[in-house]
Structures are given as C-alpha cells and as structure tokens.
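What the coordinates show
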Amino acid sequence: MWRPVAIMLIGALPALAGLKNLSLHQALKILDEKNIEIKVSQYDEMMKKYDELAVEGKNWGSATITLQALRSNDAGNVFGFKLQSREATFGDFGADEFMNNFGMCQKNPGSQACYDMYNKPPHNLNYPAPRNHFVTKLTYELPIYTGGKLTEYKTITRKLYEMSRLDTRKLRNEKIFQVKKAFYNITLVQRYVYNLRKIRNNMVKLKKTIIAMKKEGYTKKTDVLEIEARLAKVDSMLNQAKLNRDLAYQFLSFLLDTDVSSIRPIHLIVHAPKVNRADIEKMNIDIQKAQMGLQVAEHAIKTEKANFLPMVGGFGEYGSADNTLWNDFAHKDFWTIGVQAKINIFNGGSDKANLEKARVRRMKVARQVELAKKGIWLQVRKMLTEVKSLEFDIRSEQKQLNLAREVYKTYEEKYKEGLASITDLLVKQSIELEVLLKYLQVANKHSEKVFELEKILDLGGRS
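Definitions and cut-offs
- Residues numbered from 1 in each chain as written.
- Predicted model: local features only at pLDDT ≥ 70, side-chain atom pairs only at ≥ 80, totals over all residues.
- Heavy atoms only, no water.
- Pairing = 2+ DSSP bridges.
- Helix = DSSP H or I, 4+ residues; strand = E, 2+ residues; numbered from the N terminus.
- Axes fitted to C-alpha atoms, helices over the stretch in contact; angles between N-to-C directions.
- Contact = heavy atoms within 4.5 Å.
- Buried < 20%, exposed > 50% of the residue type's maximum accessible area, 1.4 Å probe, protein only.
- Expected span 1.5 Å × (residues − 1).
- Polar contact = N/O pair within 3.5 Å; in protein donor to acceptor, adjacent residues only side chain to side chain.
- pLDDT = per-residue confidence, 0-100.
- Core = buried A, V, L, I, M, F, W, Y, C linked by side-chain atoms within 4.5 Å.
- Phe/Tyr/Trp six-rings, centres within 6.5 Å; stacked < 30°, edge-to-face > 60°.
- Lys NZ or Arg CZ within 6 Å of the ring centre and 35° of its normal.
- Disulfide = S-S within 2.5 Å.

1. Some points on the sheet that holds strand β1 (residues 62–72)
- An order of β1-β2-β3-β4 is seen for the four strands of this open sheet, with the pairing classed as antiparallel. In the strand order of this sheet, the two ends are held by β1 and β4 (333–342), each with one partner. Strand-to-strand, the axes of this sheet are offset by a mean angle of 20°, without reference to chain direction.
- Set on the sheet, helix α4 (residues 75–84) makes contact with β1, β2 (131–145), β3 (311–322) and β4; between it and β2 the angle comes to about 70°.

In structure tokens:
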C-alpha cells in the first residue's frame, strides 16, 4: 500500500523554479557562457589553432632518441658491430691464421700453407661467434629551405583557424536570433493572453448582464447559450496560447541550458538597421569567409609552386655503441652531420597538373566571392523591402484593431438597448479577435525579418 502513496507524494512535489524576470541582456550573457552548440564550435576553433601550431613546429625540425638492441652471428653484422664499437682488430680479419700459414710457408716453400695464406677464407671473419650490440643515438633533422612550402602551410592553417572563428560567430548569431525570437514570441503570447483575458472578462460581465436582463424578460435563453459557447471558445484559445508560451519557455531554456520561468517583456516594435552595400560586404560573415577562402586558394598556388624548387635539409646525430648497454659511452661515441639538397626534375607532369588545378580553384573561389556579394546584397534588399511592407501592414492592422474594438463597444451598448442581437455582438467580437491575431502575426513576421537582418549583418557577433 505504500507505493501508491509514495508516488502521490512524489507527484505532489513542486518543480524546481527557474530564472525569473530574465532580461534579454542577461539571457545573451548566459547564452555565451552555457550554450552547448557554441561550446562545441569553440572546441573546433581550438583544434584548428593546434593545427596551426603543429605546422609552425615543423620549422624547428625534429629530434629523436633511438635505442637499438641487436644480436647476430652474421659475419657482416658482427664485424660492423665491432667496428662501430671501435673494437675491431686484425684478428677479426683472420690475422692469426695468416701469420701461422706465413710461418709454415717460410719453413716449407711451396707447401699448402703458402696457398692457404692468401686463398683460404679466415674462420674468425666468416664464422664469428654471436655478438650483442646496443646503439643509443640522438638524431636532429632540420628543414633549411622548402621553397616556402612550410610558410604557406602555416598561413593556410592560420586562415583556416580564422574561418573556424567566423563559423563560431555565425553560429552565435543564429543562437542570438533564436533567443531574441523566443523573447519576442513569449512577449507576443503574453500580449495575446492579456487581450484574451480582457475580452473574457468583458464577456463574463456581459453574461451577467444577459442573465439579469433575461429575468426581466428582455433576452432569451439562446442568448445565454451563445455567450457561454463563445466563452468556451475563448477559454480554449487562452489555453492554447498558454501552451504555446510554455513551449517557447522550454525552447529558451534549451538554448540557455538553464531553466527559465519568466522573462522581462521586450518592445513589440523593433526597428531595422540602416545598411548599404558597403556595410554588407564588410560585415557579413559568409562574404568574409568567401574572401578568406580566396586568400587560402592564393596561398595554395604558392604551395604547389614550391614543388618546382629545391628542398634543402640538415641533420646531425650523436650516439654510442657497444656489446653492453651504455658501457663506456663517451669512449665509444660517434657523430655525423650533413646537408641534403634535392629537386624534382620529372614526375610525369603531376606537379604541373596540380599547379594548374590550384589556379583553377582560385578562379572558382573568386567567382564564389563575387556571387556571395551579389546574392547576399539581393537577399538584404528583399528583406528591407519586406520590412517596409510589414511596417505599413502593422500600422494598418493597428488601425483595424482600434476600429474593431470601438465597433464592439458600440454593439455592446446597442445590445443592451435592444437595438442589436447577441449574434451581431458576438460576430463583432469575433472580428476583434481575428484582427488582434492578425496584428500580432504581422508584428511577429516583422520582428523575424528584423532579427534575421541583424544576423546577416553580424550585429550579434560583434557585441
């Protein structure tokens, strides 16, 4: 029996309260601090920065320490091991066998020993005992001249990092647009709810008047039923509006990764920024990315040209070798330094093809920059035209709304005087609701265009 009671108690617990009376400025600050998508994009920035640092590091060359542990009875290897350890002797060449044959040949000229002295393979040299060999070596390699390839790679990775930062700014602009839109939608719904409640209160008063007039015989039962039906419809609209407001709060909470219970309403009338074509080309992120892509394409051409230039590298190594690990290191050490230069004189035309491909890519990107400038300017002009049109619509709908309210008030008085039916009165009220909804819809479209224009202009990303 305790389980249902426990479930009832858990269900009765109040939900955790979120932020209250949140202003738009506070919301945008929280957005920068907590939005998950922005954080993910910033991680992409960091990875691009490390790509740049990785390329820059190649200019300083590389140093490696190598430890080799070997064992072999191969004649060449064993002799090489001893030679590298500075332990090779004439005995390793079979000197003792040579001298024995030499002595015997002196005593008996023309004997087999005289022949073996020069022709018999020495046993110690060809069949050595197995030997261990340990080599510890420090190697440093440095690119001295790469035809500018490393410099161009560094510049390209730097541009790619800057482009990733622009991606983050563009994403932030999109999230700012969504937060502003959520604030506007919530404010709009609250305005709608306020008007619906006002209309409902008027209808409740009207219902009381109708009931009182019915007792006096001035109204009919159908008048009461009609007003009750209309009240039910308004209640349904009010409930739907509240649900839409809850959804808007849920989306805002998702954007901020923080629970939000209430906001500070913003102005429903927003003004579009004044811009010209120069502003668009300077401020729009897509155009900036396209221009940066053009710079990358130009550096890519220089990178391909480097394949026709010589490559020069230096290296040095220091180490020690012995049949015992790190035994007498300094006495048996060795070093080598050197420089290598190479140039490709033929590879079937691949370098030439890659160079021409880079040039074509550069021409393609240049056209894309031009297209981006014209396309975005056309988009902005269209939006500015739509904003101006919607501004006229807002003024028109505001006048229509004022008229509908006055007409309803007039018919309400006429109904009380018996000069209009309840149906006529409710029709006028329906018109008022329709005009109110249309006014709010037009205001919503207008704000969306203005916020989108701000997004295109990178106004949020510069704050």
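2. Thoughts on the side chain of H299
- Locating H299 in the fold gives a position in helix α11 (residues 285–305).
- Taking the relative accessible area as the measure of exposure, H299 reaches 17% and is therefore buried.
- The residues touching H299, leaving out its near neighbours within four places in the chain, are E152, T155 and I156.

3. So, α11
- For α11, built from 21 residues, the straight-helix expectation of 30 Å at 1.5 Å per residue is met to within 8% by its first-to-last C-alpha distance of 31 Å.
- Where α11 begins, the capping side chain belongs to N284, and its oxygen is found 3.0 Å from the backbone nitrogen of D286.

4. Examining the confidence of the model for the protein
- Summing up the model confidence of the protein, the mean pLDDT is 88 and the portion of residues at 70 or higher is 95%.
- Counting interchain partners and residues more than four positions distant, the pLDDT-below-50 stretch residues 1–16 has zero contacts.

5. Some words on the nonpolar core
- Among the nonpolar cores identified, the biggest contains 38 residues, and Y184, L196, L206, I210 and I422 are the most heavily contacted of them.
- Put simply, the parts of the chain that give this core at least two residues each are α8 (149–215), α9 (221–256), α12 (350–416) and α13 (422–456).
- The residues touching L196, leaving out its near neighbours within four places in the chain, are V234, M237, L238, A241 and L433.
- Among the nonpolar cores identified, the runner-up in size contains 18 residues, and I38, I176, A182 and L255 belong to it.

6. Some details on the packing of aromatic side chains
- Throughout the structure, instances matching the rule amount to three aromatic pairs.
- Consider the rings of Y184 and F451, whose centres lie 6.1 Å apart with planes at 80°: the pair is edge-to-face. Of this pair, Y184 sits in helix α8 while F451 sits in helix α13, and the two are 267 residues apart along the sequence. The two residues Y184 and F451 agree in class, both being buried.
- Residues Y318 and F329 carry aromatic rings whose centres are separated by 6.2 Å and whose planes lie at 55° to one another, so their mutual orientation is tilted. One end of the pair, Y318, is in strand β3; the other, F329, is in the loop between β3 and β4, and 11 residues separate them in sequence.
- Owing to a relative accessible area of 28%, F329 belongs among the partly exposed residues under this scheme.
- The ring of Y161 is capped by K49, whose NZ or CZ atom sits 5.1 Å from the centre of that ring.
- Lying over the aromatic face of Y411, K414 brings its terminal NZ or CZ to 4.9 Å of the ring centre.

7. Here's the deal with the state of the cysteines
- Tallied over the entire structure, the rule returns one disulfide.
- A sulfur-sulfur distance of 1.8 Å marks the disulfide that ties C105 to C114. On the S-S bond that ties C105 to C114, the torsion sits near 100°, and the link is right-handed.
- Overall, the relative accessible area of 18% leaves C114 in the buried class.

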